[in-house]
Amino acid sequence: DAKTTQPTSMDCAEGRAANLPCNHSTISGNEYVYWYRQIHSQGPQYIIHGLKNNETNEMASLIITEDRKSSTLILPHATLRDTAVYYCIVRVAGNTGNQFYFGTGTSLTVIP
Amino acid sequence: GAVVSQHPSWVICKSGTSVKIECRSLDFQATTMFWYRQFPKQSLMLMATSNEGSKATYEQGVEKDKFLINHASLTLSTLTVTSAHPEDSSFYICSARDPSGIPTLHFGNGTRLTVT
C-alpha cells in the first residue's frame, strides 16, 4: 500500500471548515483513499473513501487532486465533537487482499 | 449500521496470567476480523487477521504463541494474551469488514489491558 503523509496536528475554530490534507504521491491506479477518525480511547470510525472523484456524505467531503497524489478531507462546520485523530489510508479496495494499515494521522483540535 | 462489540472494555491482570478479549459482530457475519494494538500516543498497529474456520495470519514481529486468536464462529473472534507482562499493557482493538460489500472496516471500542 502507498504511504501517506499527514501533518501531525491542526487546530480549527468551532463552526469553521476543517481542511485536513494528506499526501499519497506513490498511490497506484487501483488504490482508494480512505479516511477514519479516532476519538480518544475509542475505536476508529469510518468517515469516507474515494478513488478519483470527489465524494461527499453526511459527515464530510473528500477532495482528490486530478493526479491523485494528494487529497483533502473537509469537515464543513467543525464542532467540538470533531476533535480526534484523523487517519488517511490508501489501499486496494475489495474484501480480499490488502489490509488497513494506519499511519500517524493528524490530531485535530476544534477550539471553542 | 454494522456494529462490532468488544468485551471487556478494560481489564487488569497480574503478570504471568492470561487474558481473553472477545470481539463480536452483532448484526452481521464476519468471516474475517482484524486485531490491532495501540500504545499511548501512537497509531494503530495491525497484529493479525482472524479467519473463521482457519488459522490466523500474523503480522511480522507478532508472536503467534503469545497472542492466540480463535475465530470459531462467524460472529466471534477471541484474542488471548498468554503469560501477560507489563509491556503487553496496551489498547487492543478489533474490526470486521463491512458486510454490505463497501470496502471498509467497522471497529469495536477497544479493550484497555493493564498488566501489573
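Note that the structure is predicted; figures quoted are calculated from it, not measured. Once a new chain begins, its residue numbering starts again from 1 and follows that chain's sequence as written. Chain labels run from A onward and ligand labels from 1 onward, assigned in the order the entries are written. A pLDDT threshold of at least 70 governs which residues receive local features in this predicted model, and a stricter bar of 80 or more applies before side-chain atom pairs are shown or counted, although totals over entire chains, interfaces and linings include all residues. Excluding hydrogens and water, the side-chain figures rest on all heavy atoms present in the structure.

A. Region of the structure containing the interface of chain A and chain B. Contacts between residues were defined by any pair of non-hydrogen atoms, one from each residue, lying within 4.5 Å. In this assembly, 23 residues from chain A lie in contact with 22 residues from chain B. Buried area: the accessible area, evaluated with a 1.4 Å probe, that two parts lose upon being put together, summed over both parts. At the boundary of chain A with chain B, total buried surface from both sides reaches about 1700 Å², with 51% on carbon and sulfur atoms. Whenever a nitrogen or oxygen atom comes within 3.5 Å of another N or O atom, the pair is scored as a polar contact, on the condition that within protein one atom can donate a hydrogen and the other can accept it, and that pairs from neighbouring residues in sequence are kept only if both atoms are in side chains. Linking chain A to chain B there are six residue pairs in polar contact (both at pLDDT 80 or more). Secondary structure elements are taken from DSSP: a helix is a run of H or I of four residues or more, a strand is a run of E of two residues or more, and numbering for both begins at the N terminus. Broken down by secondary-structure element, the contributors of at least two residues to the side of chain A that touches chain B are β3 (31–38), β4 (45–50) and β8 (84–92) of chain A. By residue number, the principal contributor to the side of chain A that touches chain B is β3(A), which donates three residues. Residues belonging to the side of chain A that touches chain B are distributed by class as follows: nine nonpolar, 13 polar and one charged. For this classification, the nonpolar set comprises Ala, Val, Leu, Ile, Met, Phe, Trp, Tyr, Cys and Pro, the charged set comprises Asp, Glu, Lys and Arg, and every other residue, Gly included, is treated as polar.

B. Spatial organisation of the pattern of salt bridges. All names here are of chain A. One speaks of a salt bridge when a side-chain nitrogen belonging to Lys or Arg is within 4 Å of a carboxyl oxygen belonging to Asp or Glu. The full count for this structure, using the stated rule, is three salt bridges over all chains. In this structure, the salt-bridge partner of Arg37 is Asp82, at a minimum N-O distance of 2.8 Å. With a gap of 45 residues between them, Arg37 in strand β3 and Asp82 in the loop between β7 (70–75) and β8 connect regions that are remote in the sequence. For the residue pair Arg37 and Asp82, the accessibility class agrees, reading buried in each case. The classification of residues rests on relative accessible area computed with a 1.4 Å probe and restricted to protein chains. Under 20% of the type maximum is buried, over 50% is exposed, and intermediate values are partly exposed.

C. Inspection of the packing of aromatic side chains at higher detail. All names here are of chain A. Under the pairing criterion, centres of Phe, Tyr and Trp rings, with the six-membered ring standing for Trp, must be within 6.5 Å; the plane angle then separates stacked pairs below 30 degrees from edge-to-face pairs above 60, leaving the rest tilted. Within the structure shown, the criterion is met by 11 aromatic pairs over all chains. Aromatic side chains Tyr36 and Tyr46 sit 5.8 Å apart centroid to centroid with 70 degrees between the ring planes, which places their arrangement in the edge-to-face category. You can see Tyr36 sitting in strand β3 and its partner Tyr46 sitting in strand β4, a full 10 residues away along the chain. By relative accessible area, which is 0% here, Tyr36 ends up buried.

D. Here's a closer look at the side chain of B:Asp98. All names here are of chain B. Tracing the backbone shows Asp98 in the loop between β9 (90–97) and β10 (105–107). Although buried, Asp98 forms no salt bridge, and the nearest oppositely charged side chain, Arg97, lies 10 Å from it. Within the structure, the side chain of Asp98 is placed 2.5 Å from the side chain of His106, a separation counted as a polar contact. By the counting scheme adopted, Arg and Lys are positive, Glu and Asp are negative, and His together with the chain ends is not counted.

E. Focus on the sheet that holds strand β5 (residues 55–56) of chain A. All names here are of chain A. The strand order across the open sheet built from four strands is β2-β7-β6-β5, with neighbouring strands paired in antiparallel fashion. Taken across any chain shown, the strands that pair with only one partner, and hence form the sheet edges, are β2 (18–23) and β5. When DSSP finds two or more bridges between a pair of strands, those strands are recorded as paired. Summarising the sheet, β2 and β7 pair through six bridges and their orientation is antiparallel. Considered in β7, the bridge of Asn23 is made with Ser70.

F. A look at the sheet that holds strand β1 (residues 9–13) of chain A. All names here are of chain A. Pairing is mixed in the open sheet, where five strands are placed in the order β1-β9-β8-β3-β4. Bordering the open sheet on either side are β1 and β4, each of which pairs with just one other strand. In this sheet, neighbouring strand axes are inclined to one another by 25 degrees on average, regardless of whether the strands run parallel or antiparallel. All axes here are fitted lines through C-alpha atoms, helices being fitted over the stretch that makes contact, and every angle between N-to-C directions spans 0 to 180 degrees.

G. The arrangement of the pairing of strand β5 (residues 45–51) of chain B in detail. Residue and element names in this part refer to chain B. Here β5 lies mainly inside the structure; six of its seven residues are buried. With six bridges joining them, strand β4 (residues 32–38) and β5 adopt antiparallel strand pairing. Across the sheet, residue Tyr36 finds its bridge partner in β5, namely Leu46. One ladder, built from two bridges, connects β5 with strand β6 (residues 57–58); its direction is antiparallel. Across the sheet, residue Ala48 finds its bridge partner in β6, namely Tyr58. Where β5 hands over to β6, the hairpin turn is made up of five residues, of which Gly53 adopts a positive phi near 80 degrees.

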